[in-house]
Amino acid sequence: MNEVSFFIQALIYLTSAIIVVPIANRLGLGSVLGYLIAGIVIGPFVFGFVGTEGKDMLHFAEFGVVMMLFAIGLELELDLLWRLKFWLLGLGGLQIIITTALTAAFSYVFGFSWKASFALGLIMSLSSTAIVLQTLKEKGLMKTLSGQAAFSVLLFQDMAVIPILAIFPMLSDSNVKNSSQHHSLIEHLPGYAKTLVVFSVVIGIILVGKYLLKPVFRILAKSGSREIFTGASLLLVIAISLLMGAIGVSAALGTFLGGVVLASSEFRHELESNIEPFKGLLLGLFFLSVGASMEIPVVMESPNKVLGIVFGIIFLKAFVLFCLGFVFRLPLDQNLYFSLALSQVGEFSFVLFGYSEGLGIFEEQTIVVLVACVAVSMALTPVLLLLYEKTIFGFLESKIPKKQTTQDIHKQENPVIICGFGRFGNMLGRFLRSNGIAITILDFDADRVEMLGRFGFKVYFGDATRLELLESAGLEHTKVLVAALDNPEKQAELIRNVSQHYPNIKIVARAGDREEAYDLKELGVSYIYRETRETAVQMGKDVLKLLGTRAHTAEKAKNLFLKHDDETFHELFELRQDRVQYMSLAKQRNAELERLMLVDLGKEDELERDPWSEMER
């Protein structure tokens, strides 16, 4: 019965998402708002397709936020993170301090005790990592100043969860112990010992990620099993989450740190592409659960009270963020977007409210109202951002900075991606680099990837036929993709994927022989290079010179042969399915080529010879 119930719930969640989210995207509302609307519709207070178990589903789906932070960590490197320290500590730290102080002051005025006011201020200072980052990524604003500033504040908030959890027990007026929330293996230790354990675990994650995980992933890569590599990626995220949870630390922060450590690894893009489907599915489930768990009756019973609290929180947080953005010299349009994007209350507040209830800081009825306000604030964020974009944003300048700053989260993407770095790709890559062309290399040979990394190539391990891997390697910014995979089937799959989803990218493909070149031409590739063609003809030219032919004449013969071969290739391609006509035309063209070469060399007296019939394969 439980299994049947689970599948029914899954059917309801997936069906609602499939119907509502595309409609929301078509209307320009974005997928986040689409998921929230779908959750409200199927929730217990509208159609009732799902009940109060939506709250339990919410806790499970929060793992999507953890995966998102891991993926973001993979996109950063420690040196880039260090460049954000000014915003991370300054902007993020001041936002929490000022928002907490102002919220606590207003709460105290409205009758809360000073302890409850302080706890409420800490909770309200947090914003939604899931909603903000997903919205920024969807709209392509992660590289803008507003995106970098928002990311820095959210990252600091995740770090601030650790001391917040430590502060809450000190605010409890009751002897009630929370029996179900936030048990940790170190809760019985004194404060200094807890700090020491946390720092030891963090350093351990860094060391393991830097010195142990790379060899492990290299061994797994050599197995050639994609499923094993995917399983290892999930195992890594789950293990870090459990470890950080065991010591009472934010799982999202721990996995983010793990991602940052692996950001410089050659397996970075493969890890990212393996995590992406699970991350997207769980994030969608998270937003659905937020919508389904909204206390619509509470809102309907006291709409003025709830909306007053919601807009009061949004205005207060937006005002604080805007002032800080002004101090940190954000442009007006970027500052407004940054302020509105972080003006809601975050998903971790659901956990903190449950924790505070167990500690007796808030009464149950108060928590019900505040949780409803948090959910409404999260649901309003995509709406407010959409209204801002449709009204004010379009009239302001510098929507996206024209020049990248040194604080950009992402490095400039390379104009060329080489898929397959064997003998052919290696020679090509060295030639491009010697001419100052930046290249990104994808290869499925772990030993080769390791060796190339030592020579300073920007090379990543992974299956280049996977579109998500190509995209994470910067495919959308690429001008030319070189398809040089050894396996013809994989080569064809790669070309089909890129041609279908990115038709404007020029594809340059290597062919092993003439038949493989025909297959590539049939796929629509315009730039095809047979692996041995130029080398064999160049060798033939040198043989002519060694036999006494003048250098100019030998060079002319080479060019004539290549031109004739190009023409013959296109003619024979049209007849490749008719082998009789194909062979007949091939012999005819070979005889014609021999006559042309003899005439060009001044050997007309040898034209009566029988033409050679062997042809290049």
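With an unreviewed UniProt entry as reference, the protein is termed Potassium transporter, source organism Leptospira harrisiae. Note on the protein: under the UniProt heading Sequence similarities (unreviewed entry), the record states "Belongs to the monovalent cation:proton antiporter 2 (CPA2) transporter (TC 2.A.37) family."

Time to look at the overall build of the protein. Along the protein, the regular secondary structure elements total 27 helices and six strands. Among the 617 residues that make up the protein, the fraction classed as buried is 50%. Long-range contacts, defined here as pairs at least 24 residues apart, represent 74% of the contacts in the protein between residues at least 6 apart.

This part takes up the pattern of salt bridges. One side chain can pair with another of opposite charge once the charged atoms of both are near each other. Enumeration over the complete set of coordinates arrives at three salt bridges. The partner of Arg 510 in a salt bridge is Asp 486, and the shortest N-O contact between them spans 3.3 Å. Of this pair, Arg 510 sits in strand 5 (residues 506–511) while Asp 486 sits in the loop between strand 4 (480–483) and helix 23 (488–501); the two residues are 24 residues apart in sequence, bridging distant segments of the chain. Note that Lys 541 and Glu 555 form a salt bridge whose closest N and O atoms lie 3.0 Å from each other. You can see Lys 541 sitting in helix 25 (residues 533–546) and its partner Glu 555 sitting in helix 26 (residues 551–574), a full 14 residues away along the chain.

Turning our attention to the side chain of Asn 414. Tracing the sequence through the fold places Asn 414 in the loop between helix 19 (364–390) and strand 1 (416–419). In contact with Asn 414, other than residues within four places in its own chain, are Ala 438, Ile 439, Thr 440, Lys 458, His 477 and Thr 478.

Moving on, we come to unusual backbone geometry. Not every positive phi belongs to a glycine, and Arg 329 is a case in point at roughly 65°. On the secondary structure map, Arg 329 appears in the loop between helix 16 (303–327) and helix 17 (332–341). On the basis of relative accessible area, Arg 329 is assigned to the exposed category, the value being 75%.

In this structure, Glu 489 sits in helix 23. Separated by 27 residues in sequence, Glu 489 and Glu 516 have C-alpha atoms that sit 10.0 Å apart.

What follows deals with the environment of Ala 105. Counting through the fold element by element, Ala 105 comes out in helix 6 (residues 85–109). Distance in space between the C-alpha atoms of Ala 105 and Phe 118 is 8.3 Å, their sequence separation being 13 residues.

Let us look at the packing of helix 11 (residues 213–222) against helix 21 (residues 446–454). Between helix 11 and helix 21, whose axes approach to 8 Å, the crossing angle comes to 140°. Taken together, the axes of helix 11 and helix 21 are oblique relative to one another. On the side of helix 11, the interface is formed by Arg 218, Ala 221 and Lys 222, while helix 21 contributes Ala 446, Asp 447 and Glu 450.

Let us now look at the side chain of Ser 241. Positionally, Ser 241 belongs in helix 12 (residues 226–246). Leaving out residues up to four positions away in the same chain, Ser 241 has contacts with Phe 63, Val 66, Ala 251 and Thr 255.

It is worth spelling out the packing of helix 11 against helix 12 at this point. The geometry of helix 11 relative to helix 12 is characterised by a closest axis approach of 9 Å and an angle of 155° between their N-to-C directions. By the angle between their directions, the pair helix 11 and helix 12 is classed as roughly antiparallel. The two elements helix 11 and helix 12 meet at a crossing, and its hand is right-handed. Between helix 11, through Leu 213, Phe 217, Leu 220 and Ala 221, and helix 12, the contact on the second element is made entirely by Ile 228, Phe 229, Ala 232 and Leu 236. A per-class count over the contact of helix 11 with helix 12 returns eight nonpolar, no polar and no charged.

Each value, and the rule that gives it
Residues numbered from 1 in each chain as written. Predicted model: local features only at pLDDT ≥ 70, side-chain atom pairs only at ≥ 80, totals over all residues. Heavy atoms only, no water. UniProt positions renumbered as here; feature names shortened; annotations may be inferred. Helix = DSSP H or I, 4+ residues; strand = E, 2+ residues; numbered from the N terminus. Buried < 20%, exposed > 50% of the residue type's maximum accessible area, 1.4 Å probe, protein only. Contact = heavy atoms within 4.5 Å. Salt bridge = Lys/Arg side-chain N within 4 Å of Asp/Glu carboxyl O. Axes fitted to C-alpha atoms, helices over the stretch in contact; angles between N-to-C directions. Parallel < 35°, antiparallel > 145°, perpendicular 65-115°, else oblique. Left-handed = near helix turned anticlockwise from the far one by under 90°. Nonpolar A, V, L, I, M, F, W, Y, C, P; charged D, E, K, R; others polar.

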